[in-house]
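Examination of the molecular architecture
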Amino acid sequence: MRLVIHQNHEKASLWAAGYIADRINSCKDKPFILGLPTGSSPLAIYKEFIRMNKEGKLSFKNVRTFNMDEYIGLSANHQQSYRYFMMENLFKHIDIDPKHIHIPDGTASDLEKECRLYEEAITAEGGIELFLGGMGTDGHIAFNEPGSSLSSRTRIKTLTEETRAVNARFFDGDVSKVPATALTVGVGTVMAAREIVIIVTGRNKARALKAVVEEGVNHMWTLSCLQMHQRAIIVCDDEATEELKVGTVKYFKDIEREAIKQQGT
C-alpha cells in the first residue's frame, strides 16, 4: 500500500486527478476501464477532470466507466440518484460516449440479475484498470458496510443507520428519505481492479484511516483489504493522518520525497 500525504483536500484531489489523467493518457492501444465513486470525496477530482478535458489535456473518448453503486428505488432522473449525480458533476461536461457509461440500475425489475449482469459487463471489458474510490467514516468502501465479506461481488446491500445519517444531508437532512438499500460493487470487485486509488481527507476520517493503514485486515474496516492489493494508493491530507503514528507518517512522506527525487534525476 502506498500512502500519499498532502497538505489539504484541494492538493490531494489535484494530485489524484493528475495521476489518473496520466494513466488514461498513457493508455493508447486499448480502452481504459475506470471505476468511479459518488459522494463529496471525488468532487474536486471530477472538477479537475472537466478542466483538463476542456483544455484538451485529457480525453475520455477511449474511457469506459463503471460506477460503484446506486440507490434502490430511485429513478435515473431523481436528483439524489447516483446516475443524476454523475451526469451533473462529470459526464455531461466531458467527451465520453454515453454508451460507455455503466451505472447499476436501482429500478431494475430483477435486482439480483442486474447485479450479475453488472459483474459480467465488467468482465466483458477485460476488468477494471483503475478503481477510484472514497472511504466512509467507518472505513467502508462503496456500500460495503462494516462486516461485509472481503470477497463479495456486486449485490444488494442494506445500509447502516450511520451511512444513512451521513447521506441525509443530500435528502433535506431527513434520514427517513434516504433509501435503506442499494446496489453496490463488492469488496472483491474493487480488489479485482489492477490498480486502486482512494481519496481520504478530513479529520472525521482519521480514526478509520488509522485502522485501515496500521491495523490488520478486518472485515469491520472493509477498506483494510487494500493491504492485500499489489497496487493500491491512498491519497490523503494532513487532517486525515492525525490518528496515525508519527513514525508512520514520516515513513510514507520519506518514501514519496525519495520518489520525487528519483523522478528528477
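Just so we're clear, the structure is a prediction, and the values are computed from it rather than from any experiment.

1. Some words on the nonpolar core
- By size, the foremost hydrophobic cluster in this structure holds 36 residues, and its most contacted members are I198, L209 and I234.
- Here this core takes five residues from helix α7 (residues 206-214), the largest share from any one element.
- Not counting residues up to four positions away in its chain, the partners in contact with L209 are M135, V200, I234, C236, A240, T241 and L244.
- Ranked by size, the runner-up nonpolar core spans 34 residues in total, among them A17, I24, F49 and V235.

2. What about the environment of T241?
- Looking at the secondary structure, you find T241 in the loop between β10 (232-237) and α8 (246-263).
- Taking the C-alpha atoms as reference points, T241 and A121, separated by 120 residues in sequence, lie 37 Å from one another.
- Setting aside anything within four residues of it in sequence, one finds T241 in contact with I5, L209, C236 and V249.

3. Digging into the pattern of salt bridges
- According to the stated counting rule, one finds 20 salt bridges in the structure shown.
- Across the pair E119 and R153 runs a salt bridge, and its minimum N-O distance is 3.5 Å. Of this pair, E119 sits in helix α4 (residues 111-124) while R153 sits in the loop between β6 (130-134) and β7 (155-158); the two residues are 34 residues apart in sequence, bridging distant segments of the chain.
- By relative accessible area, E119 is classed as buried at 14%.
- In this structure, the salt-bridge partner of E195 is R231, at a minimum N-O distance of 3.3 Å. Linking E195 in strand β9 (residues 195-200) with R231 in the loop between α7 and β10, this pair joins segments that are 36 residues apart in sequence.
- What makes E195 buried here is its relative accessible area of 1%.

4. Comments concerning the side chain of H102
- Inspection of the secondary structure assignment puts H102 in strand β5 (residues 101-102).
- Aside from chain neighbours lying at most four places away, what touches H102 is T65, F66, N67, Y118 and E125.

5. Topic: α4
- Between its first and last C-alpha, α4 extends 20 Å over 14 residues, near the 20 Å set by a 1.5 Å rise per residue.
- Of the residues making up α4, those classed as buried are L111, E114, C115, Y118, E119 and I122. The buried side chains of α4 occupy one side of the element, clustering within an arc of 135° when seen end-on. In α4, the exposed positions that point more than 90 degrees away from the buried face belong to E112, T123 and A124.

6. Looking at the sheet that holds strand β4 (residues 69-71)
- Taken in spatial order, the three strands line up as β4-β8-β7 in an open sheet, and their pairing is antiparallel. Every other strand in the sheet has two partners, leaving β4 and β7 as the edge strands with one partner each. Averaged over all adjacent pairs, the angle separating strand axes in this sheet is 30°, with direction ignored.
- Of the pairings in the sheet, the one linking β7 to strand β8 (residues 181-184) comprises four bridges and is antiparallel in character.

7. Remarks on unusual backbone geometry
- Although it is not a glycine, A142 adopts a positive phi angle of roughly 55°.
- As for its position among the elements, A142 is in the loop between β6 and β7.

8. Re the layout of surface pockets
- Taken as a whole, the largest pocket encloses approximately 700 Å³ of empty space.
- Lining of the largest pocket is provided by 34 residues; of these, T38, G39, S40, N167 and R169 occupy positions nearest its centre.
- Listed by contribution, the elements that provide at least two residues to the lining of the largest pocket are β4, α3 (82-89) and α5 (161-167).
- Ranked by the residues each element gives to the lining of the largest pocket, the list is headed by α5, at four residues.
- In terms of residue class, the lining of the largest pocket is built from 13 nonpolar, 16 polar and five charged.
- Looking at the second largest pocket, its volume works out to about 210 Å³.
- Along its surface, the second largest pocket is lined by R2, V4, I5, H6, W15, F252, K253, E256, R257, A259, I260 and Q263.
- Those elements that provide at least two residues to the lining of the second largest pocket are β1 (2-6) and α8.
- When residues in the lining of the second largest pocket are grouped by element, the largest group, seven residues, is from α8.
- Residues of the lining of the second largest pocket, tallied by class, amount to six nonpolar, two polar and four charged.

Conventions and cut-offs
Residues numbered from 1 in each chain as written. Predicted model: local features only at pLDDT ≥ 70, side-chain atom pairs only at ≥ 80, totals over all residues. Heavy atoms only, no water. Core = buried A, V, L, I, M, F, W, Y, C linked by side-chain atoms within 4.5 Å. Buried < 20%, exposed > 50% of the residue type's maximum accessible area, 1.4 Å probe, protein only. Helix = DSSP H or I, 4+ residues; strand = E, 2+ residues; numbered from the N terminus. Contact = heavy atoms within 4.5 Å. Salt bridge = Lys/Arg side-chain N within 4 Å of Asp/Glu carboxyl O. Expected span 1.5 Å × (residues − 1). Arc of directions from axis to C-beta. Pairing = 2+ DSSP bridges. Axes fitted to C-alpha atoms, helices over the stretch in contact; angles between N-to-C directions. 1 Å grid on protein atoms, 1.4 Å probe; cavity = no way out; pocket = protein on both sides within 12 Å on 5 of 7 lines; lining within 4 Å. Points joined across faces, edges and corners; volume = space filled by probe spheres on them. Nonpolar A, V, L, I, M, F, W, Y, C, P; charged D, E, K, R; others polar.

Worth remembering: the numbers are spatial, not functional.
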